[in-house]
Amino acid sequence: MKASGQRIFLIVLTAGILIRLIQYFYSRSLWVDEAMLSLNIIQCGFRELMLPLKHEQVAPVLFLWIEKTSVLLFGNNEFSLRLFPLLCGITILPLVYDVTRRLTADSTTAIVVLVFFAFSRTFVFFSTETKQYCSDLLLSLLFLRLILSEHPRKHLFLFLLGFTGIVLSNVGIVIVTMYACWFFSEQVRERKLDWKNWLMLAVLAGWFMVCYRAFIKGHPTQSVMIEYWQGHFIPDHPLTLTFWKWLIRHFVVIYSTLLGFNEHFPASIRNFIGTAFLFVAVYGAVRYLRSVANRNLALLLSAPILIHLMLAALHLYPFSSRLVLYLSPFLLIPAAQSSRYHIRTMD
């Protein structure tokens, strides 16, 4: 990286960290969903946190244990409850820059993506909220970083991360499945069969089934959650106009939200921003797929989005802004890369 690029990176990174620290020490009041989850964390012991939570709350058990440990160490207050999300939010910033630079081989695109993550109201907010969405995002970035590394034991590290991620994040299995899809495509491309790594993936699948039976299957809030998120499940099959209208509308809302254009902005601005970024991202993804060398990386970026949409079609997990925060690298990196390509073309 050139010296000027290094300076811009450090300025954006420092500013992003400072904004999060200011938001953290401002210590805004817990909003209702945070408060309900915090009551469970404060009032329940570690064993009780493995049981269905009170107040119609749902959160992964390892996230709850980390939050409980923070409360025990630093006291019952907003600072201790929001400490782990804050650390995740700060860690995300250099990590998303590194992942983008490795994916695109372009430092300028990496800085653009870093700007999105550093200054978007959405990412700042979830970096200081007692919910698991920021740790979901960190998990997906760690997986991407390991997949893109050349470390000889990266598959072992991916296995350990997957084992941890399944109990740290409700979407951990989506990220593990993304890794399995990528690994399968690599095996096909290289025409070889690595039984050791397939065995580790089989262990992860078994571990998920254990966790599913222990923490998810028959959960008492399942019907309540399905009713609450009803509008965020795919309503019809892909051959209908209803499906495509629903899909486009949700992607437009998600893009505008990820970029920080929430309900405080006029609907016309939100729709324009979301539509523009959706168009640019789709164009970038198609252009990326045209290169044979990039097809495995394109699969890597598209797999978790497609998996999540399948879960939404099956009414298993909603496709909604905060629940897809972990997909933001897969959504924003193609858009930034496409924009960078257009700028270069005009030059």
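Before reading on, note that the structure itself is shown above.
Criteria and cut-off values
- Residues numbered from 1 in each chain as written.
- Predicted model: local features only at pLDDT ≥ 70, side-chain atom pairs only at ≥ 80, totals over all residues.
- Heavy atoms only, no water.
- Helix = DSSP H or I, 4+ residues; strand = E, 2+ residues; numbered from the N terminus.
- Buried < 20%, exposed > 50% of the residue type's maximum accessible area, 1.4 Å probe, protein only.
- Phe/Tyr/Trp six-rings, centres within 6.5 Å; stacked < 30°, edge-to-face > 60°.
- Expected span 1.5 Å × (residues − 1).
- Axes fitted to C-alpha atoms, helices over the stretch in contact; angles between N-to-C directions.
- Parallel < 35°, antiparallel > 145°, perpendicular 65-115°, else oblique.
- Left-handed = near helix turned anticlockwise from the far one by under 90°.
- Contact = heavy atoms within 4.5 Å.
- Nonpolar A, V, L, I, M, F, W, Y, C, P; charged D, E, K, R; others polar.
- Core = buried A, V, L, I, M, F, W, Y, C linked by side-chain atoms within 4.5 Å.
- Arc of directions from axis to C-beta.

A short note on unusual backbone geometry
Thought 1: A positive phi angle, near 55 degrees, is found at glutamate 56, a position not held by glycine.
Thought 2: One can find glutamate 56 in the loop between helix H2 (32-43) and helix H3 (61-74).
Thought 3: By relative accessible area, glutamate 56 is classed as partly exposed at 46%.
Thought 4: Look at alanine 105: it is not a glycine, yet its phi comes out positive at around 55 degrees.
Thought 5: By secondary structure assignment, the location of alanine 105 is in the loop between helix H5 (83-104) and helix H6 (107-119).
Thought 6: Look at alanine 105 and you get exposed, because its relative accessible area is 70%.

Overview of the packing of aromatic side chains
Thought 1: Applying the stated criterion across every chain, the model contains 24 aromatic pairs.
Thought 2: With a centroid separation of 4.4 Å and 35 degrees between ring planes, the pair formed by phenylalanine 9 and tyrosine 97 is classed as tilted. With phenylalanine 9 in helix H1 (residues 3-26) and tyrosine 97 in helix H5, the pair connects residues that are 88 residues apart, well separated along the chain. For the pair formed by phenylalanine 9 and tyrosine 97, the shared burial category is buried.
Thought 3: Within the aromatic cluster, the residues linked to one another by ring pairs are Phe143, Tyr179, Trp182, Phe183, Phe184 and Trp198.

Structural notes on helix H8 (residues 133-148)
Thought 1: Over its 16 residues, H8 runs 23 Å from end to end, which matches the ideal 22 Å to within 8%, given 1.5 Å per residue.
Thought 2: Among the 16 residues in H8, 13 count as buried, and that is most of the element.

Structural notes on the packing of H1 against H5
Thought 1: Two numbers describe how H1 lies on H5: the axes approach to 10 Å, and their chain directions differ by 170 degrees. Here H1 lies roughly antiparallel to H5, going by the angle between them. Considering how the two elements wind past one another, H1 and H5 form a crossing that is right-handed. Contacts from Phe9, Leu13, Gly16, Ile17, Arg20, Leu21 and Tyr24 in H1 reach Leu83, Leu86, Gly89, Ile90, Leu93, Pro94 and Tyr97 in H5.
Thought 2: Residue classes in the contact of H1 with H5 are distributed as eleven nonpolar, two polar and one charged.

As for the nonpolar core
Thought 1: Ranked by size, the top nonpolar core spans 98 residues in total, and within it Phe117, Phe143, Phe251 and Phe319 carry the most contacts.
Thought 2: Tallying contributions element by element places H8 first for this core, with ten residues.
Thought 3: If we skip the residues at most four places from it in the chain, phenylalanine 117 touches Arg20, Ile92, Leu93, Val96, Phe123, Leu137, Ser328, Pro329 and Leu332.

Here we look at helix H11 (residues 195-216)
Thought 1: With 22 residues, H11 ought to run about 32 Å at 1.5 Å a step, and its terminal C-alpha atoms sit 30 Å apart, in line with that.
Thought 2: Of the residues making up H11, those classed as buried are Asn197, Met200, Leu201, Leu204 and Cys211. Along H11, the residues classed as buried sweep out an arc of 95 degrees about the axis, all on the same side. Along H11, exposed side chains directed more than 90 degrees from the buried face belong to Trp195, Leu199 and Arg213.

What about the packing of H8 against helix H9 (residues 154-168)?
Thought 1: One way to put it is that H8 packs onto H9 with a least axis distance of 10 Å and a crossing angle of 170 degrees. In terms of orientation, H8 and H9 fall into the roughly antiparallel class. The two elements H8 and H9 cross, and the hand of that crossing is left-handed. Contacts between H8 and H9 involve Leu139, Leu142, Phe143, Leu146 and Ile147 from the former and Lys154, Phe157, Leu158, Leu161, Gly162 and Gly165 from the latter.
Thought 2: Looking at the contact of H8 with H9 residue by residue, the class counts come to eight nonpolar, two polar and one charged.

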